[in-house]
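# Structural characterization, general
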Amino acid sequence: FENWFGQDLSLTIRPKKFSNSFNDFVTIDSQSVDADIKFVMEYDSTKILTAHSFVLAAQSPVLRKMLTIDMVEKRKGVITITDASYSSFELFLNLLYGSTTGDDLMKLSARDILELLPLAHKYQVDYLMRIS
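Bear in mind that the values here come from a model prediction, so they are computed numbers and not experimental data.

## A look at the pattern of salt bridges
Considering all chains together, one arrives at 3 salt bridges under this definition. In this structure, Asp 70 engages Arg 75 in a salt bridge whose closest nitrogen and oxygen atoms are separated by 3.2 Å. For the pair Asp 70 and Arg 75, a shared accessibility class is recorded, and that class is exposed. Put simply, Lys 122 and Asp 83 hold a salt bridge, and the shortest N to O gap is 3.1 Å. Here the residue Lys 122 occupies a position in helix H7 (residues 110-122), and Asp 83 occupies one in the loop between strand S3 (78-81) and helix H5 (86-97), the gap between them amounting to 39 residues. Relative accessible area serves as the criterion here: at 37%, Lys 122 is assigned to the partly exposed category. The partly exposed category is assigned to Asp 83, whose relative accessible area is 46%.

Structure representation (C-alpha coordinates):
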(Lines give C-alpha, C1' and ligand atoms only; values in the text may rest on other atoms or scores of the structure.)
Protein backbone atom coordinates (compact mmCIF):
# COMPACT_ATOMS: atom_id res chain seq x y z
CA PHE A 1 0.00 0.00 0.00
CA GLU A 2 2.98 2.30 0.38
CA ASN A 3 3.12 2.80 -3.39
CA TRP A 4 -0.48 4.06 -3.41
CA PHE A 5 -0.18 6.47 -0.49
CA GLY A 6 -0.80 10.03 -1.58
CA GLN A 7 -1.94 9.09 -5.09
CA ASP A 8 -5.27 9.98 -6.62
CA LEU A 9 -7.15 6.69 -6.78
CA SER A 10 -10.27 8.01 -8.46
CA LEU A 11 -11.87 5.86 -11.12
CA THR A 12 -11.24 8.44 -13.81
CA ILE A 13 -7.49 7.96 -13.56
CA ARG A 14 -6.13 4.48 -13.99
CA PRO A 15 -2.70 3.57 -12.70
CA LYS A 16 -0.26 1.97 -15.11
CA LYS A 17 -0.38 -1.80 -15.09
CA PHE A 18 2.05 -3.53 -12.74
CA SER A 19 3.33 -7.07 -13.09
CA ASN A 20 0.90 -8.32 -10.44
CA SER A 21 -2.15 -6.58 -11.91
CA PHE A 22 -5.54 -8.20 -12.44
CA ASN A 23 -4.94 -8.09 -16.19
CA ASP A 24 -1.84 -10.24 -15.89
CA PHE A 25 -3.89 -12.89 -14.07
CA VAL A 26 -7.01 -12.69 -16.21
CA THR A 27 -6.38 -12.53 -19.93
CA ILE A 28 -8.37 -12.78 -23.12
CA ASP A 29 -7.03 -15.18 -25.67
CA SER A 30 -7.76 -18.47 -27.34
CA GLN A 31 -5.49 -20.47 -25.00
CA SER A 32 -6.57 -19.29 -21.54
CA VAL A 33 -6.78 -22.39 -19.36
CA ASP A 34 -8.90 -20.95 -16.56
CA ALA A 35 -11.47 -19.19 -18.78
CA ASP A 36 -14.94 -20.72 -18.67
CA ILE A 37 -16.62 -18.98 -21.63
CA LYS A 38 -15.78 -19.20 -25.32
CA PHE A 39 -16.87 -16.67 -27.92
CA VAL A 40 -17.01 -18.26 -31.37
CA MET A 41 -17.36 -16.16 -34.51
CA GLU A 42 -20.28 -17.42 -36.59
CA TYR A 43 -18.56 -16.66 -39.90
CA ASP A 44 -15.41 -18.59 -38.88
CA SER A 45 -15.63 -21.13 -36.05
CA THR A 46 -11.84 -21.32 -35.84
CA LYS A 47 -11.80 -17.76 -34.49
CA ILE A 48 -12.36 -18.14 -30.75
CA LEU A 49 -11.92 -15.78 -27.82
CA THR A 50 -12.06 -17.04 -24.25
CA ALA A 51 -13.13 -15.09 -21.19
CA HIS A 52 -14.17 -15.44 -17.57
CA SER A 53 -17.86 -15.39 -16.71
CA PHE A 54 -17.27 -13.44 -13.49
CA VAL A 55 -15.68 -10.57 -15.42
CA LEU A 56 -18.39 -10.57 -18.07
CA ALA A 57 -21.19 -10.69 -15.49
CA ALA A 58 -19.68 -7.79 -13.58
CA GLN A 59 -19.50 -5.58 -16.68
CA SER A 60 -22.69 -6.37 -18.59
CA PRO A 61 -26.22 -7.02 -17.30
CA VAL A 62 -27.02 -8.85 -20.54
CA LEU A 63 -24.06 -11.20 -20.23
CA ARG A 64 -24.85 -11.64 -16.53
CA LYS A 65 -28.34 -12.92 -17.42
CA MET A 66 -27.01 -15.16 -20.18
CA LEU A 67 -24.50 -16.72 -17.81
CA THR A 68 -26.59 -17.03 -14.65
CA ILE A 69 -30.01 -18.23 -15.74
CA ASP A 70 -30.60 -21.54 -17.47
CA MET A 71 -29.74 -20.54 -21.02
CA VAL A 72 -27.83 -22.50 -23.64
CA GLU A 73 -24.84 -20.13 -23.25
CA LYS A 74 -24.52 -21.06 -19.58
CA ARG A 75 -24.97 -24.80 -20.17
CA LYS A 76 -22.49 -25.03 -23.04
CA GLY A 77 -20.10 -22.24 -22.06
CA VAL A 78 -20.15 -21.00 -25.65
CA ILE A 79 -21.54 -17.76 -27.05
CA THR A 80 -21.75 -17.44 -30.82
CA ILE A 81 -21.06 -13.94 -32.12
CA THR A 82 -23.13 -13.22 -35.22
CA ASP A 83 -22.94 -9.46 -35.52
CA ALA A 84 -19.33 -8.40 -34.98
CA SER A 85 -15.92 -9.02 -36.42
CA TYR A 86 -13.27 -10.86 -34.44
CA SER A 87 -11.20 -7.69 -34.01
CA SER A 88 -14.11 -5.52 -32.85
CA PHE A 89 -15.28 -8.16 -30.37
CA GLU A 90 -11.73 -8.60 -29.08
CA LEU A 91 -11.56 -4.82 -28.54
CA PHE A 92 -14.92 -4.96 -26.74
CA LEU A 93 -13.66 -7.72 -24.41
CA ASN A 94 -10.45 -5.82 -23.75
CA LEU A 95 -12.56 -2.85 -22.69
CA LEU A 96 -14.64 -5.06 -20.38
CA TYR A 97 -11.46 -6.38 -18.80
CA GLY A 98 -9.95 -2.94 -18.41
CA SER A 99 -7.02 -3.82 -20.68
CA THR A 100 -7.93 -0.85 -22.85
CA THR A 101 -8.24 2.42 -20.95
CA GLY A 102 -10.27 5.58 -21.49
CA ASP A 103 -7.17 7.19 -22.96
CA ASP A 104 -6.96 4.34 -25.46
CA LEU A 105 -10.61 4.95 -26.39
CA MET A 106 -9.81 8.50 -27.39
CA LYS A 107 -7.24 7.17 -29.86
CA LEU A 108 -9.61 4.78 -31.63
CA SER A 109 -10.56 5.43 -35.20
CA ALA A 110 -14.12 6.42 -36.08
CA ARG A 111 -14.51 3.00 -37.72
CA ASP A 112 -13.54 1.22 -34.48
CA ILE A 113 -15.98 3.36 -32.49
CA LEU A 114 -18.77 2.62 -34.97
CA GLU A 115 -18.11 -1.12 -34.61
CA LEU A 116 -17.89 -0.90 -30.81
CA LEU A 117 -21.08 1.08 -30.13
CA PRO A 118 -23.55 -1.60 -31.31
CA LEU A 119 -21.83 -4.09 -28.98
CA ALA A 120 -22.01 -1.62 -26.09
CA HIS A 121 -25.74 -1.19 -26.72
CA LYS A 122 -26.46 -4.89 -27.24
CA TYR A 123 -24.71 -5.87 -24.01
CA GLN A 124 -25.83 -2.70 -22.14
CA VAL A 125 -22.36 -1.54 -21.13
CA ASP A 126 -23.29 1.99 -20.06
CA TYR A 127 -19.83 3.48 -19.81
CA LEU A 128 -19.06 2.43 -23.38
CA MET A 129 -22.36 3.75 -24.71
CA ARG A 130 -21.37 7.19 -23.41
CA ILE A 131 -18.37 7.45 -25.75
CA SER A 132 -20.62 8.45 -28.65
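The structure having been displayed, the exposition proceeds.
## Observations regarding the nonpolar core
If you look at the biggest cluster of nonpolar residues, it comprises 28 residues, and the most contacted ones within it are Phe 39, Leu 56, Ile 79, Ile 81, Phe 89, Phe 92 and Tyr 123. Only strand S1 (37-41), strand S2 (44-51), helix H2 (53-59), helix H3 (61-68), S3, H5, H7 and helix H8 (126-129) provide two or more residues apiece to this core. Of the residues forming this core, the biggest block, 7 residues, is contributed by H5. Aside from chain neighbours lying at most four places away, what touches Phe 92 is Leu 116, Leu 119, Ala 120, Tyr 123, Val 125 and Leu 128.

Thresholds applied
Residues numbered from 1 in each chain as written. Predicted model: local features only at pLDDT ≥ 70, side-chain atom pairs only at ≥ 80, totals over all residues. Heavy atoms only, no water. Salt bridge = Lys/Arg side-chain N within 4 Å of Asp/Glu carboxyl O. Buried < 20%, exposed > 50% of the residue type's maximum accessible area, 1.4 Å probe, protein only. Helix = DSSP H or I, 4+ residues; strand = E, 2+ residues; numbered from the N terminus. Core = buried A, V, L, I, M, F, W, Y, C linked by side-chain atoms within 4.5 Å. Contact = heavy atoms within 4.5 Å.

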